[in-house]
Amino acid sequence: MERRTIGATALEVGAIGLGCMPMSWAYTGSRQLGEESVRALHMALDRGTNLLDTADMYGPFTNELLLGRVLKERRSEAFVSTKCGLLVGDQHIVANGRPGYVRRACDASLRRLQTDVIDLYQLHRADPEIPVEETWGAMADLVRAGKVRALGLCAVGARASRRSGTGVGRPVLGGLHEGTVRQLERVQQVFPVSAVQAELSVWSPEALEGLLPWCEARGVGFLAAMPLGNGFLTGTLTPGEGFEPDDVRARHPRFTAEMMAANQPVVAGLRRVARRHGPEVTPAQVALAWVLSRGRSVVPVPGAKRARWVAENAAAADLRLTAADLAEIGGLPAAQGSWD
């Protein structure tokens, strides 16, 4: 697979990563099969998808434990990305950015992942009660101690500020990522940011203005979260089919039967482009290729829990969209429905 370099420290990763969260958390629990997920992780490494993205809160903890089973055998082939800063309760999630907690969280993640170093340690959310510089300083100490190679920050605040009427590739921003950029400017004074993780997809392109340019100007890598729109852009979801109660999409306004039906033209456009590239090319691969085309520092991190989807996603790294393809995707109708 094509390799991409992220961060000032020139960390090399496969052009497409793997989001491990669906293997253990947030999506349909009855379909979370441990052994199938292990096969998916091995498939990822076999295909050059070496950036494996997890977090201590996924499960909580079980996702890192699952990943650790594979890392125990193939650590040298993997680029391990995990996160800290969020605690999961029975019915709530809270931020914790206290330096002592950050140190303990890192040690616990290392144990679960069965490794002695984390390649990219990301701050999942800043604690509103703790200056972000203090949290970031504790994370920087982990780099100096040799427990972490590089630091990243997950974007916040974009969804709550979104306005309707944004066309694909034509975002109407209104400061959607202003809060994240302010955080980045602050922590950058403490220790270099190597990567930012934020949502970026055909139906959620807002990061293209403001956040991605900030990263590109500073040599910071961009990890594109949810590049397949929580599965919608794959074209495999049927409007009205519904989701199990523990699936986050069961409570998501864009995944009601009405909104899924209304947004089918977006998938239809991706399918048209896919057909021009051959019968085996899928809408998901076109969606990933579009994200890859946004810049050399961009690495999409689609979530998957089955080996077949991992293999399909990895093949998108070889798909080259033409200027006509990109123009057609750019002209697709704006996604309908609130994202919150």
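Residues numbered from 1 in each chain as written. Predicted model: local features only at pLDDT ≥ 70, side-chain atom pairs only at ≥ 80, totals over all residues. Heavy atoms only, no water.

Colleague: Could you give an account of the overall build of the protein chain, with specific residues and numbers?
Modeller: A count of helical and extended segments in the protein chain gives twelve helices and twelve strands. Its C-alpha atoms give the protein chain a radius of gyration of 19 Å, near enough to 20 Å, the size a compact globule of 340 residues would have. Judged by the C-alpha coordinates and their principal axes, the protein chain covers about 50 × 45 × 40 Å. Burial statistics for the protein chain: of 340 residues in total, 57% are counted as buried. (Helix = DSSP H or I, 4+ residues; strand = E, 2+ residues; numbered from the N terminus. Rg over C-alpha atoms; globule rule 2.2 N^0.38 Å. Buried < 20%, exposed > 50% of the residue type's maximum accessible area, 1.4 Å probe, protein only.)

Colleague: Got a sec to walk through the pattern of salt bridges? Specific residues and values, please.
Modeller: Applying the stated criterion to the full structure yields 20 salt bridges. With a closest N to O distance of 2.8 Å, E35 and R69 form a salt bridge. Here the residue E35 occupies a position in helix α1 (residues 34–46), and R69 occupies one in helix α2 (residues 62–74), the gap between them amounting to 34 residues. The class for R69 is partly exposed, based on a relative accessible area of 39%. A salt bridge links D119 to R75; the shortest N-O distance between them is 3.0 Å. Placement of D119 in strand β8 (residues 118–123) and of R75 in the loop between α2 and β5 (79–84) is noted, with a sequence separation of 44 residues between them. Comparing D119 with R75 shows no difference in burial state: the two are buried. Through salt bridges with shared partners, one network takes in E2, R4, R296 and R320. (Salt bridge = Lys/Arg side-chain N within 4 Å of Asp/Glu carboxyl O.)

Colleague: Please give an account of the sheet that holds strand β12 (residues 298–301) that cites residues and values.
Modeller: Spatial ordering of the open sheet is given by β3-β4-β5-β8-β9-β10-β11-β12, a layout of eight strands whose pairing is parallel. Each edge of the open sheet carries a strand with a single partner, namely β3 (18–19) and β12. Relative to β8, β5 is paired through four bridges, and the arrangement is parallel. The residue bridging C84 from the neighbouring strand is L123, located in β8. (Pairing = 2+ DSSP bridges.)

Colleague: Can you break down the environment of R4 residue by residue, with the values?
Modeller: Of note, R4 is situated in strand β1 (residues 3–6). Separated by 110 residues in the primary sequence, R4 and Q114 have C-alpha atoms spaced 26 Å apart. For R4, the side chain forms a polar contact with the main-chain oxygen of G295, separated by 2.8 Å. (Polar contact = N/O pair within 3.5 Å; in protein donor to acceptor, adjacent residues only side chain to side chain.)

Colleague: Tell me about the confidence of the model for the protein chain, residues and numbers included.
Modeller: Per-residue confidence for the protein chain gives a mean pLDDT of 91, with 91% of residues at or over 70. Confidence over residues 158–174 falls short of pLDDT 50; this stretch has 42 contacts with residues more than four positions distant or in other chains. (pLDDT = per-residue confidence, 0-100. Contact = heavy atoms within 4.5 Å.)

Colleague: Could you give me a rundown of the packing of α1 against helix α11 (residues 307–315), with the residues and numbers involved?
Modeller: It is the contact of α1 with α11, at a shortest axis distance of 8 Å, that shows an interaxial angle of 20°. Regarding the angle of α1 to α11, the classification is roughly parallel. Crossing of α1 against α11: the hand is right-handed. Within the contact between the two elements, α1 uses E36, R39, A40, M43 and A44 and α11 uses A307, V310 and A311. By residue class, the composition of the contact of α1 with α11 is six nonpolar, no polar and two charged. (Axes fitted to C-alpha atoms, helices over the stretch in contact; angles between N-to-C directions. Parallel < 35°, antiparallel > 145°, perpendicular 65-115°, else oblique. Left-handed = near helix turned anticlockwise from the far one by under 90°. Nonpolar A, V, L, I, M, F, W, Y, C, P; charged D, E, K, R; others polar.)

Colleague: Outline the nonpolar core, listing residues and values.
Modeller: Formed by 86 residues in total, the largest nonpolar core has its most connected members in L52, Y121 and F222. Examining the composition of this core, we find that eight residues originate from one element, helix α10 (residues 283–292), more than from any other. Other than its neighbours up to four places away in sequence, L52 contacts L18, C20, L41, A44, L45, L67, L71, A78, F79, V80 and S81. Judged by nonpolar contacts, the second largest core, of eleven residues, contains V13, A150, L223 and V299. (Core = buried A, V, L, I, M, F, W, Y, C linked by side-chain atoms within 4.5 Å.)

Colleague: So what about the pairing of β1? Which residues, and what values?
Modeller: Burial along β1 is one-sided: the face carrying R4 and I6 is buried and the face carrying R3 and T5 is not. Bridging between β1 and strand β2 (residues 11–14) involves four bridges; their strand directions are antiparallel. Its bridge partner lying in β2, R3 is registered against G14. Counting the residues in the hairpin turn of β1 and β2 gives four residues, including G7, whose phi is positive at 80°.

Colleague: Talk me through the packing of helix α9 (residues 264–276) against helix α12 (residues 323–330); I want residue IDs and the actual numbers.
Modeller: For the pair α9 and α12, the least separation of the axes is 9 Å and the interaxial angle reads 170°. In this view, α9 runs roughly antiparallel relative to α12, as classed from their interaxial angle. Facing α9, whose interface residues are G269, L270, R272, V273 and R276, α12 presents A324, D325, E328 and I329.

Colleague: Explain the packing of aromatic side chains to me, and be specific about the residues and the numbers.
Modeller: Think of a pair of aromatic rings as described by two things: how far the centres are apart, and how the planes are tilted against each other in angle. One pass over the full model with this rule turns up four aromatic pairs. Centre to centre, the rings of W203 and F255 are 6.1 Å apart; their planes meet at 80°, and the pair counts as edge-to-face. One end of the pair, W203, is in the loop between β10 (195–199) and α7 (211–217); the other, F255, is in the loop between β11 (221–225) and α8 (257–262), with 52 residues separating them in the sequence. The residues W203 and F255 share a single accessibility class, namely buried. Measuring from ring centre to ring centre gives 6.3 Å for F232 and F255, while their planes differ by 80°; the resulting arrangement is edge-to-face. Of this pair, F232 sits in the loop between β11 and α8 while F255 sits in the loop between β11 and α8; the two residues are 23 residues apart in sequence, bridging distant segments of the chain. (Phe/Tyr/Trp six-rings, centres within 6.5 Å; stacked < 30°, edge-to-face > 60°.)

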